[in-house]
Amino acid sequence: MKPKLAPSILSADFWALGDAIEAVSEHADMIHVDVMDGCFVPNITMGNVVIEAIKAHSNLFVDCHLMAVRPASHFDSLAASGADSISFHYEASDDPRKDLSSLRKLGIGASIAINPSTSEEVLITLLDSTDMVVVMSVNPGFSGQRFIESAIDKIRCIRQWREEMGLGFEIEVDGGITAENIERAAEAGATVFVSASSIFGSKDPAGAAAELKRLASVGMARCPFGASSPQKAVGADNLLWGKEQ
Ligand code: DX5
Ligand code: ZN
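Residues numbered from 1 in each chain as written. Chains lettered and ligands numbered in written order. Predicted model: local features only at pLDDT ≥ 70, side-chain atom pairs only at ≥ 80, totals over all residues. Heavy atoms only, no water.

(A) Representation of the coordination of the zinc ion (ligand 2) within the structure. Taken together, His32 (NE2), Asp34 (OD), His65 (ND1) and Asp174 (OD) make up the full set of protein donors to the zinc ion (ligand 2), lying 2.1 to 2.2 Å away. Viewed at the metal, the 6 donor atoms of the zinc ion (ligand 2) are separated by angles of 73 to 173°, and the geometry they form is octahedral. Counting gaps between the donor residues of the zinc ion (ligand 2) yields the pattern H-x1-D-x30-H-x108-D. With histidine 32 in strand 2 (residues 31-36) and histidine 65 in strand 3 (residues 62-67), this pair connects stretches of sequence that are 33 residues apart. In terms of burial, histidine 32 and histidine 65 fall into one category: buried. (Donors = N, O, S within 2.8 Å, 3.2 Å for Na, K, Ca; no water. Tetrahedral: all angles 85-135°; square planar, octahedral: opposite > 155°, others 65-115°. Helix = DSSP H or I, 4+ residues; strand = E, 2+ residues; numbered from the N terminus. Buried < 20%, exposed > 50% of the residue type's maximum accessible area, 1.4 Å probe, protein only.)

Dropping the structure here:
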């Protein structure tokens, strides 16, 4: 099993977004698109038209991170724009199980994210319905924040549950990922690694992406479950993540 890298375009140069994505595409298993509504989080970022542009000009898998209230009201249009997976926030959802099921019915990845202050325990009964869990390692809203260390224990716990339950969902870590901490996140059991500023804030984004992926592989090799490749999550038989496509 190999780590998956999800460069987040939140720190890219939007004047030259296509060039920025192309520069890292060799190392990107998916492109992470942070959709923020200015309500669930203070910031307003991007949405449908950006996803449409990525899909029109590349065959990259779009990992849409939806930071919005009433998330389900956006599922249809984001899927129609080309989102291959949508992560909504547990904190924003009235009915997470129903929302996960709605995403699966759309034939896209059904993913649920939890904020740093939300206990992983809230996910236990949802794990068999999810294709990915997103452990936020910063408070959502902005790129360039410092990694919150408690995410490591959260990842370890969720990975342990995944193995005990025999499930195959991906575990994404999002926020503050750097060359200093990515190995530890991988060793704890993360399988997908988001990074905005460590990649697009670098003078050499492709080199930074390659190095992050290399370090994630080193960490993953130390994960007690590192060799176990994810089985297909229940109900998502046709979903192939990133470059598995
Ligand atoms: C934060 C976003 C992250 C962000 C990560 O709300 O969800 O995806 O882009 O940025 P870095 O890697 O700079 O912390
Ligand atoms: Zn994100």
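(B) The site of ligand 1, seen in detail. Near ligand 1, the surroundings consist of 20 residues, among which Gly141, Gly144, Asp174, Gly176 and Ser197 are the closest. Within the contact set of ligand 1, an oxygen atom lies 3.2 Å away from a side-chain nitrogen or oxygen of histidine 32. Alanine 196 is positioned with one of its backbone polar atoms (N or O) 2.8 Å from an oxygen atom of ligand 1. Taking 380 Å² as the accessible area of ligand 1 by itself, protein coverage stands at 100%. If you list the elements that add at least two residues to the shell around ligand 1, you get strand 2, strand 3 and strand 8 (192-195). The element best represented in the shell around ligand 1 is strand 2, accounting for 3 residues. Residues that form the shell around ligand 1 fall into these classes: 8 nonpolar, 10 polar and 2 charged. (Near = heavy atom within 4 Å. Polar contact = N/O pair within 3.5 Å; in protein donor to acceptor, adjacent residues only side chain to side chain. Areas by Shrake-Rupley, 256 points an atom, 1.4 Å probe, with all protein chains shown as cover. Nonpolar A, V, L, I, M, F, W, Y, C, P; charged D, E, K, R; others polar.)

(C) The pattern of salt bridges, seen in detail. In total, this model carries 12 salt bridges according to the counting rule given. Ionic pairing is found between glutamate 149 and arginine 184, a salt bridge with its closest N-O pair at 2.6 Å. Of this pair, glutamate 149 sits in the loop between strand 6 (132-136) and helix 5 (150-165) while arginine 184 sits in helix 6 (residues 182-188); the two residues are 35 residues apart in sequence, bridging distant segments of the chain. Exposure remark for glutamate 149: the relative accessible area of 42% places this residue in the partly exposed category. Via salt bridges that share partners, Glu149, Glu180 and Arg184 belong to a single interconnected network. (Salt bridge = Lys/Arg side-chain N within 4 Å of Asp/Glu carboxyl O.)

(D) Seen up close, the nonpolar core. Ile9, Val33, Ile86 and Phe193 are the most contacted members of the largest nonpolar core, which has 61 residues in total. Residues Ala113, Val134, Val138 and Val192 belong to the second largest nonpolar core, which totals 10 residues. (Core = buried A, V, L, I, M, F, W, Y, C linked by side-chain atoms within 4.5 Å.)

(E) Layout of the sheet that holds strand 8. If you trace the 8 strands from one edge of the open sheet to the other, you get 1-8-7-6-5-4-3-2, paired in parallel fashion. Bordering the open sheet on either side are strand 1 (4-7) and strand 2, each of which pairs with just one other strand. Each adjacent strand pair in this sheet contributes to an overall mean axis angle of 25°, direction not counted. One ladder, built from 6 bridges, connects strand 2 with strand 3; its direction is parallel. Bridging across to strand 3, histidine 32 finds its partner in aspartate 63. Together, strand 4 (85-89) and strand 5 (109-114) form the strand contacts of helix 4 (residues 96-105), whose direction differs from that of strand 5 by roughly 150°. (Pairing = 2+ DSSP bridges. Axes fitted to C-alpha atoms, helices over the stretch in contact; angles between N-to-C directions. Contact = heavy atoms within 4.5 Å.)

(F) Structural context of the pairing of strand 5. The buried count for strand 5 comes to 6 of 6 residues, which makes it a mostly enclosed element. Sheet topology note: the strand 4/strand 5 ladder contains 5 bridges and is parallel. Directly across from phenylalanine 88, in strand 5, lies its bridge partner isoleucine 112. Inspection of the sheet shows strand 5 paired to strand 6 by 4 bridges, in the parallel sense. Bridge pairing in strand 6 places isoleucine 112 opposite valine 133.

Keep in mind these values describe shape, not function.
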